[in-house]
Amino acid sequence: MDSEAHGEPAGPTRTVRRSARAPAKVPAKTPASAAAAAPQDSLAKGKRKAREPIEKTPEEKLEYLLTNPKSKLTNVDISDVINYENFLELPEDVQNRLCTLLPPTAFSTYTASVCSTHPDSSTANHGAVSHDAEDRMEVDDHAREDTLVRSPATLDPMVFSSPFFLSAAHTFQDHLYSSWLGKKAADDLAKFKEGARAGDIHADWKDEVWELEHQPVMTKAQRKKLISADLTALAKHGLLQEGDVLSYKRTFPTLDVTVEKDVLVEKIDMRTYIITLLLSPGTQKELPPFLLVHGAEEEDSDAKMLTMEDVIDPVALERGVLDVDGRVRYADKYAEDLAACSHTNTSDGPTDEVKKMISVRAWKSFTVWRWQEHMRRQTDLQIVQQRGGRERVATLFYLRGCCLSGQ
């Protein structure tokens, strides 16, 4: 119907144009183009063929099975693999070889030896036994083992279901899964053993590893309190007292030296809690007896002693003790500390982790000895006892933890 019939104004006519151009066709392959594409197809096939895995030898498959953590042995029931039925399926020469690896108790021909005084002993039923027979110990009776018949015929089938055998098999699975049977683990173990014999490396201290893995999330106030925890803080809380003996002991493996020295807390300033310490000169470990007896310090005040004042940090106290002893230089001690933190980079100077480790070791190197109340006035007993009858309290590191926790 025309638009004018409806009274609508006539408008311009829109013409829709369509493209009559035919789409481009892919040219068919000519014999020449097909010949040119053939080398490409063969090259692609050659590449795909090169990516195929190389077949492993039986020795390589066995090594993978027994050493690789992705081995199928890690996720199977080991009793389904190692059992008496599978043992019987092995060749006879292999069975005989495996029998030589089993303990004597795995064979039915084994008889346990008992003491001659035991009721089950064959000699107990035949009257008296000679004195030599009574005192004889059968820990390793090689003569009896030589007569033991180790063969598949005498093998006890229950050995494969023994809890001891299964426990060892499960341990093997755990080691296999943890990559402890691979070449890298063997190389690392050999390197560690060589370094341990030479004194260059040692196993990480378990308490230091625990502290690194369990770093507490501290507030700003707690961090400030931790930094301010020193010997004066211990004295303020009564964890260090006048008359206490601080026993220092530390071994330096690379120098083959063990330094031991006792330090006496002579005086504590009750206003500032600064501690004055006394120690013997040179390599002498013990303090003079007159210093170890309660109330006897004033009688022999002319004795040759060394005084350390204004020491509030165990790191400085340790350095002073080593300077007095004279056998370990501070540079050697610092080298030992760095060796214990070999996993950290110290090329730009000591890191916070190294400083913390040095501080922790200093705190742990001193042990506090103190009189019990019943011994404080018994001077006659103090003279004859070690450290004047004082008893071990704890290390400074432990007391520092008590101070921080408010105990």
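Conventions we followed
- Residues numbered from 1 in each chain as written.
- Predicted model: local features only at pLDDT ≥ 70, side-chain atom pairs only at ≥ 80, totals over all residues.
- Heavy atoms only, no water.
- Helix = DSSP H or I, 4+ residues; strand = E, 2+ residues; numbered from the N terminus.
- Buried < 20%, exposed > 50% of the residue type's maximum accessible area, 1.4 Å probe, protein only.
- Contact = heavy atoms within 4.5 Å.
- Areas by Shrake-Rupley, 256 points an atom, 1.4 Å probe, with all protein chains shown as cover.
- Expected span 1.5 Å × (residues − 1).
- Axes fitted to C-alpha atoms, helices over the stretch in contact; angles between N-to-C directions.
- Parallel < 35°, antiparallel > 145°, perpendicular 65-115°, else oblique.
- Nonpolar A, V, L, I, M, F, W, Y, C, P; charged D, E, K, R; others polar.
- Patch = residues over 30% accessible without salt bridge, like charges linked within 9 Å, V, L, I, M, F, W, Y side chains within 5 Å.
- Salt bridge = Lys/Arg side-chain N within 4 Å of Asp/Glu carboxyl O.
- Pairing = 2+ DSSP bridges.

Labelled according to an unreviewed UniProt entry, the protein appears under the name ASX DEUBAD domain-containing protein, originating from Trametes cubensis.

A.B. asks: Please explain the overall build of the protein as it appears in this structure.
C.D. replies: A count of helices and strands for the protein gives 18 helices and 6 strands. Considering the protein as a whole, with its 407 residues, one finds that 28% of them fall into the buried category. Within the protein, counting contacts between residues at least 6 apart in sequence, those at least 24 apart form 63% of the total. Put simply, the protein shows about 28800 Å² of open surface, and 55% of that area lies on carbon and sulfur atoms.

A.B. asks: What is the right way to look at helix α16 (residues 352-364) in this model?
C.D. replies: Helical geometry: 3.6 residues make up each α-helical turn, so side chains three or four residues apart lie on a common side. The terminal C-alpha atoms of α16 lie 18 Å apart, and with 13 residues this matches the ideal 18 Å at 1.5 Å per residue to within 8%. Within the sequence span of α16, burial applies to Val354, Met357, Ile358, Val360, Arg361, Ala362 and Trp363.

A.B. asks: What am I meant to see in the packing of α16 against helix α18 (residues 396-405) here?
C.D. replies: Two quantities define a packed helix pair, namely the angle between the axes and the distance from one axis to the other. Packing of α16 against α18 brings their axes to within 6 Å, and their N-to-C directions diverge by 105°. Comparing their axes, α18 and α16 come out roughly perpendicular. Listed contacts from α18 to Val360, Trp363 and Lys364 of α16 are Leu396, Phe397 and Arg400. Tallied by class, the residues present in the contact of α16 with α18 amount to 4 nonpolar, no polar and 2 charged.

A.B. asks: Hey, could you run me through a nonpolar patch on the surface in this one?
C.D. replies: There is a patch of nonpolar side chains on the surface, built from Leu90, Val94, Leu98 and Leu101 and spanning about 320 Å² of accessible area. Mapped onto the elements, Leu98 comes out in helix α5 (residues 92-99). For Leu98, a relative accessible area of 33% puts it in the partly exposed group.

A.B. asks: Whenever I open this one, the sheet that holds strand β4 (residues 306-308) confuses me. Can you help?
C.D. replies: Note on sheets: strands pair through backbone hydrogen bonds, and any given pair is parallel or antiparallel. Reading across the sheet, the 6 strands line up as β4-β3-β2-β1-β5-β6 and stay open at both edges, with antiparallel pairing between neighbours. This sheet does not close on itself; its edge strands, each paired only once, are β4 and β6 (391-395). Taken pair by pair, the neighbouring strands of this sheet meet at an average axis angle of 30°, ignoring direction. Inspection of the sheet shows strand β1 (residues 245-252) paired to strand β5 (residues 366-370) by 4 bridges, in the antiparallel sense. Along β5, the bridge assignment pairs Val245 with Trp369. Its contacts with the sheet put α18 on β1, β5 and β6, and the angle it makes with β6 is roughly 65°.

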